[in-house]
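What the coordinates show
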Amino acid sequence: MASEADRCKYFEVCERPVMQRVGGDLFCILHLPLMEPEKKFDKFNQELEAYLAEGRSDLRWVYFPRRDPSFNGRHFSSTADFRDATFGGTLDLTGATFE
């Protein structure tokens, strides 16, 4: 397990490894406050899919890249929390279901 000094600023939410330092803070790919091309869309998408596949839906402070994020048809089995998330486009929740 990563030491507290090597954790993402929002580790209590994501439990993801650090990808980069911005200013004085460390961030995982989900919380890295950069947009494309600096933030690699494919890597972000892969990590987001893995996170959601774990049944997790706490998306607070996630920094979504410019492309419109789509959760079209996705089922959230726990509360989906998008507070303080940053969207570079329009969030699509068409057909998403929530418990």
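Presented here is an overview of the structure given in this document. (Residues numbered from 1 in each chain as written. Predicted model: local features only at pLDDT ≥ 70, side-chain atom pairs only at ≥ 80, totals over all residues. Heavy atoms only, no water.)

**Points about the packing of aromatic side chains**
- The full count for this structure, using the stated rule, is 10 aromatic pairs.
- A ring pair is formed by Y10 and F27, whose centres lie 6.4 Å apart and whose planes are at 45°; its orientation type is tilted. Here the residue Y10 occupies a position in the segment before α1 (11-14), and F27 occupies one in strand β2 (residues 25-27), the gap between them amounting to 17 residues.
- Judged by centre distance (4.9 Å) and plane angle (15°), the rings of F64 and F87 are stacked. In this pair, F64 sits in the loop between α2 (41-53) and β3 (75-76) while F87 sits in the loop between β3 and β4 (97-98), placing the two residues 23 residues apart along the sequence.
- Of the residues examined, F87 reaches a relative accessible area of 29% and is grouped as partly exposed.
- In textbook terms, an aromatic cluster arises when at least three aromatic residues are bridged by ring pairs, as seen for F44, F64, F71, F76, F82, F87 and F98. (Phe/Tyr/Trp six-rings, centres within 6.5 Å; stacked < 30°, edge-to-face > 60°. Helix = DSSP H or I, 4+ residues; strand = E, 2+ residues; numbered from the N terminus. Buried < 20%, exposed > 50% of the residue type's maximum accessible area, 1.4 Å probe, protein only.)

**Examining the side chain of H31**
- Turning to its location among the elements, H31 is positioned in the loop between β2 and α2.
- Of the residues examined, H31 reaches a relative accessible area of 2% and is grouped as buried.
- Here R60 takes part through its backbone oxygen, which lies 3.0 Å from a polar atom of the side chain of H31.
- Contacts of H31, omitting those with residues within four sequence positions, involve C8, Y10, V13, C14, K39, R60, W61, V62 and Y63. (Polar contact = N/O pair within 3.5 Å; in protein donor to acceptor, adjacent residues only side chain to side chain. Contact = heavy atoms within 4.5 Å.)

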